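Tertiary structure, described
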Amino acid sequence: MSEEDLKNQAPVDETVETTKVVEETEQFAKSGKKSKKHIEEVKAEEERQARKAENKALEEAGEKPKGAAPITRPKIERRGKKYQEKSKLVEKGKVYTLKEALELAEKTNPTKFDATVEAHVRLGVDPRQADQNIRATVVLPHGNGKTVRVAVFAPLDEAKKAAAAGADIAEDEEFLKRLEKGEIEFDVLIATPAYMPKLGKFARLLGPKGLMPNPKAGTVTVDLEKAVKESKAGKVEYRVDKQGIIHIGLGKTNFSTADLVENAETFFESLKSHRPASLKGSYVKSIFITTSMGPSIEVENLYN
């Protein structure tokens, strides 16, 4: 076809396209049941009902419906075999006494090592309120089963006394050189009030690890010998998290039940003594005992 023929043909084609658009527009009303929008909605609903009927037929035939989400197994079935076996020892829906729960925790430990026996306590506090942001320390009578490495940052003469009391690291300016190298070879850091400003530039290093000395935790003090001995003897810090729960280790599964009970009662007495005066309603909402990787055991609430 020549260029002249194409030029003559173009207006005809444009006229045809315009006619089609006009015809399509004319077959729909501007609104109501004959509008284009309503007809499309009716069509979509018919397709949805057809898919629903098809999926129902598949379900009745024992087949998986099209587009259905994968079936998730119950949480207990996704656990290991040892966990599932041990969890059978915990009676569903039963609330145990503290002693019963601690005895059961030792039996339900699914690991080969001596796991930590933990207490998880949900409180009725609002951690955003300063006076309800529970944070304290407690000296467990039988320790928590962990070997605690204690570091002391203080003037040289006081550091020597702390070392004699059992501190693993007790230094003056040498300690700052360790921190500058990023060396953290301790679990608890104790400092004197006068030396706290020198630790300010290491807040980003120590803070996220929970190692920054704090007066509430008893790690900023002038009585270094007492602080060191308490830390070595089993002094534990506990604090409420954003969800209003306190998590604390009470000992190991190789502890006797009597020792675990005494540690637990000491902790609960400490917790009870820190009830905020402004709190209205329940203080302790629920208590659960568990091992590091074992099932939870609910404990009767006698501490409210």
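Residues numbered from 1 in each chain as written. Predicted model: local features only at pLDDT ≥ 70, side-chain atom pairs only at ≥ 80, totals over all residues. Heavy atoms only, no water.

Taken together, three strands build an open sheet; the order of strands is β4-β3-β5 and the sheet is parallel. The open sheet has two free edges, formed respectively by β4 (169-171) and β5 (188-191), since each of these has just one partner strand. Taking the axes of each pair of neighbouring strands and ignoring which way they run, one obtains an average angle of 15 degrees across the sheet. Here strand β3 (residues 150-153) pairs with β4 via three bridges, running parallel. (Pairing = 2+ DSSP bridges. Helix = DSSP H or I, 4+ residues; strand = E, 2+ residues; numbered from the N terminus. Axes fitted to C-alpha atoms, helices over the stretch in contact; angles between N-to-C directions.)

What follows is about the packing of aromatic side chains. Between two aromatic rings, the relevant description is the distance of the centres plus the angle of the planes. Taken as a whole and judged by the stated rule, the model has five aromatic pairs. Centre to centre, the rings of Phe175 and Phe186 are 5.7 Å apart; their planes meet at 45 degrees, and the pair counts as tilted. Of this pair, Phe175 sits in helix α6 (residues 173-180) while Phe186 sits in the loop between α6 and β5, and the two are eleven residues apart along the sequence. Phe175 sits in the buried class, given a relative accessible area of 1%. Members of the aromatic cluster, joined through ring pairs, are Phe153, Phe175, Phe186 and Tyr195. Lying across the ring of Tyr195, Lys198 places its NZ or CZ 4.2 Å from the centre. (Phe/Tyr/Trp six-rings, centres within 6.5 Å; stacked < 30°, edge-to-face > 60°. Buried < 20%, exposed > 50% of the residue type's maximum accessible area, 1.4 Å probe, protein only. Lys NZ or Arg CZ within 6 Å of the ring centre and 35° of its normal.)

All of the buried residues in α6 are Phe175, Leu176 and Leu179. The buried residues of α6 occupy one face: seen down the axis, they fall within an arc of 100 degrees. The inward-facing, buried residues of α6 contact β3, β4, β5 and α7 (203-206). The first or second residue beyond α6 is Gly182, which carries a positive phi of 80 degrees. (Arc of directions from axis to C-beta. Contact = heavy atoms within 4.5 Å.)

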